[in-house]
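Spelled out from the first residue to the last, the chains are:
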Amino acid sequence: MNDYSKLLMVHFKSKSFTIAVGIATHSIFPLLRWLQQRKIDKGETIWLEDMPGPPQSQAFPHLSFQPADLTPNAGLLRRRARHMKVDYPATDYPFAYRKTPLSGNVINGLGEEAARQPDHVFFGDSYKRAWGKLDWYFQVMEPTSIHRQIAQIFWQDGGRVGIVARRNTAPPDPSDAALLIKEAARRFGASLAGITKMDASFCYRDSSPDFQYAISVAWPMDREEMLHTPSQRSNREIMDAYRQVNRVAIKLANFIRSLGHPAQASTNLAPGSSTEVLHVPIAIEAGLGQLGKHGSLITAEFGSNVRLATVLTDLPLAIDQPRDLGVDDLCRNCRICETNCPPHAIFSEKQTVRGQKRWYVNFDKCAPYFAETRGCGICIEVCPWSEPGKGMELTKTLLGRRHPVTGSE
Ligand code: SF4
Ligand code: SF4
């Protein structure tokens, strides 16, 4: 597909989805929400398959079927961190599947020794995804104000691709080009930016964008708002952060194209774009931070209180190296996210996932709570790294313990 047809297709998708969401926000969604709410008020179960909506048809012939277990884990002492501003909603859900879906952990490759590309489970550009019915319930139950924010995100996304300038005006030296790009990212509003080489493991199985480099950009969320998670207030802040970080990536991709090199923004939530790459592994390789026990990125500057987007390009760039902040040293002995997570979805020990030993969150336990609360972010806000100004100090202490200064000259 040439640049012009790609541009037309992305613009068409972005505008038509915006119009569709705009119409549904004031017609179908309030009606469906009212119908579901009536069932909840009467104490009836919402059977996800019975909800009017798009069909769910994705099959996984390459995976053996293991049913998901959505029941919250029990046994751990339930705690609520004192600095959190709202009580955590209960873990009894008004919905259920008639036919239990394939476990999200199987789709994610939990326990698989061989490396492979990831598959989508939840979220994405299509409710056909394996857990699309739960995703649909999540979308239907979102309030109108959030649907308006989503429509804005869809509209903005049309600019993620574009025409490449004919003249190459980028610095020939990759180090100079990297400096220029990072400086531009900060000018557009990114709080953190890093560069890595593209790798197949960063892309979903059904999407392998053909680019050489990935630039990770981060936007911090308002901590005061996020201390109200999970609530409509924090959800509004999350949507705003997605819109902002997407905007930064779109502007940066546009800037690179103006230098005469192909670039496209891989953003969040928007159809097509949000299903291309996994932002967290890219951010880790690009030196923005490390993976925490709660399964999210931890940065020294903002902890996990950030949202990410990625710019893909062929402009030759000097790459960054992953950073060791000492995250593992703390996560091994800290259980704050584990004990605060209402369904206790967070594994105490690292797990093998698609050939890699890493921290992992039990998808089958997290997803129902996440859907019911319309975007739970408890684990990232209770994490000590997310306390403003704490990360740098933690890194210094944790790394200092590994290499104690002897005091001798
Ligand atoms: S809360 Fe503790 S265990 Fe969880 S990610 Fe943060 S430091 Fe690690
Ligand atoms: S988002 Fe975090 S705290 Fe919330 S259910 Fe999932 S793992 Fe638990």
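Here's a quick rundown of the structure. In this text the structure is predicted, and so the values were computed from the model without any measurement. (Residues numbered from 1 in each chain as written. Chains lettered and ligands numbered in written order. Predicted model: local features only at pLDDT ≥ 70, side-chain atom pairs only at ≥ 80, totals over all residues.)

### A word on the overall build of the protein
Then, in step 1: Counting its regular elements, the protein contains 14 helices and 10 strands.
Then, in step 2: Against the globule reference of 22 Å for 409 residues, the protein gives a C-alpha radius of gyration of 21 Å, in line with a compact fold.
Then, in step 3: By principal-axis analysis of the C-alpha atoms, the protein measures approximately 65 × 65 × 40 Å.
Then, in step 4: Taken across its 409 residues, the protein has 44% of its residues classed as buried.
Then, in step 5: The long-range fraction of contacts in the protein, counting pairs at least 24 apart against all pairs at least 6 apart in sequence, stands at 79%. (Helix = DSSP H or I, 4+ residues; strand = E, 2+ residues; numbered from the N terminus. Rg over C-alpha atoms; globule rule 2.2 N^0.38 Å. Buried ≥ 20, exposed ≤ 12 C-beta atoms within 10 Å, placed from the backbone. Contact = placed C-beta atoms within 7 Å.)

### Focus on the sheet that holds strand 8 (residues 306-313)
Then, in step 1: The strand order across the open sheet built from four strands is 3-4-8-5, with neighbouring strands paired in antiparallel fashion. The open sheet is flanked by strand 3 (192-197) and strand 5 (263-266), the only strands paired with a single partner. In this sheet, neighbouring strand axes are inclined to one another by 25° on average, regardless of whether the strands run parallel or antiparallel.
Then, in step 2: With eight bridges joining them, strand 4 (residues 213-220) and strand 8 adopt antiparallel strand pairing. Note that in strand 8 the partner of alanine 214 across the bridge is leucine 312.
Then, in step 3: In the packing of helix 6 (residues 174-187) onto the sheet, contacts are made with strand 3 and strand 4, and the angle to strand 3 comes to roughly 145°.
Then, in step 4: Its contacts with the sheet place helix 8 (residues 232-258) against strand 4, strand 5 and strand 8, and it is angled at close to 20° to strand 8. (Pairing = 2+ DSSP bridges. Axes fitted to C-alpha atoms, helices over the stretch in contact; angles between N-to-C directions.)

### Side note on the site of ligand 2
Then, in step 1: Around ligand 2, a shell composed of His294, Cys341, Pro343, Ala345, Ile346, Val361, Cys366, Tyr369, Phe370, Cys376, Ile378 and Cys379 is seen.
Then, in step 2: Mapped by element, the contributors of at least two residues to the shell around ligand 2 are helix 12 (363-372) and helix 13 (378-382).
Then, in step 3: If one sorts the elements of the shell around ligand 2 by residue count, helix 12 sits on top with three residues. (Near = placed C-beta within 6 Å.)

### Concerning the site of ligand 1
Then, in step 1: Taken together, the residues surrounding ligand 1 are Gly292, Lys293, His294, Leu330, Cys331, Cys334, Ile336, Cys337, Cys383, Pro384 and Trp385.
Then, in step 2: Listing elements by their share of the shell around ligand 1, those giving two or more residues are helix 10 (327-331) and helix 11 (336-340).

### Describing the environment of aspartate 135
Then, in step 1: Looking at where aspartate 135 falls in the secondary structure, it is placed in helix 4 (residues 132-141).
Then, in step 2: Residue class for aspartate 135 comes out buried when judged on the 23 C-beta atoms lying within 10 Å of it.
Then, in step 3: For the pair aspartate 135 and proline 368, spaced 233 residues apart in the sequence, the C-alpha separation amounts to 9.4 Å.

### Observations concerning the nonpolar core
Then, in step 1: Ranked by internal contacts, the top residues of the largest apolar core, which has 101 residues, are Ile215, Val217, Ala218, Val245, Ala249 and Val311.
Then, in step 2: Considering every element that reaches this core, the biggest residue donor is helix 8, with 11 residues.
Then, in step 3: Discounting residues that sit within four places of it in the chain, valine 217 has contacts with Ala185, Ala190, Ala193, Val245, Val248, Ala249, Leu252, Leu308, Ala309 and Val311. (Core = buried A, V, L, I, M, F, W, Y, C linked by C-beta atoms within 7 Å.)

### Topic: unusual backbone geometry
Then, in step 1: Residues threonine 229 and proline 230 are joined by a peptide bond in cis, for which omega reads 0°.
Then, in step 2: Considering the arrangement of structural elements, one finds proline 230 in the loop between helix 7 (223-226) and helix 8.
Then, in step 3: One non-glycine residue, leucine 269, lies in positive phi territory at about 75°.
Then, in step 4: As for its position among the elements, leucine 269 is in the loop between strand 5 and helix 9 (279-285).
Then, in step 5: Look at leucine 269 and you get partly exposed, because 18 C-beta atoms sit within 10 Å.

### Digging into the packing of helix 6 against helix 8
Then, in step 1: Axis separation between helix 6 and helix 8 bottoms out at 9 Å; the angle between their running directions is 140°. Taken together, the axes of helix 6 and helix 8 lie oblique to each other. In this structure, the crossing between helix 6 and helix 8 has a hand that is right-handed. Of the residues in helix 8, those touching helix 6 at Ile181, Ala184 and Ala185 are Val248, Leu252, Phe255 and Ile256.
Then, in step 2: Among the residues making up the contact of helix 6 with helix 8, the classes are represented as seven nonpolar, no polar and no charged. (Parallel < 35°, antiparallel > 145°, perpendicular 65-115°, else oblique. Left-handed = near helix turned anticlockwise from the far one by under 90°. Nonpolar A, V, L, I, M, F, W, Y, C, P; charged D, E, K, R; others polar.)

### Regarding the environment of tyrosine 360
Then, in step 1: The residue tyrosine 360 is located in the loop between strand 10 (356-358) and helix 12 in this model.
Then, in step 2: Here tyrosine 360 is in contact with Leu110, Gly295, Phe347, Gln351 and Val353, once residues within four sequence places are set aside.

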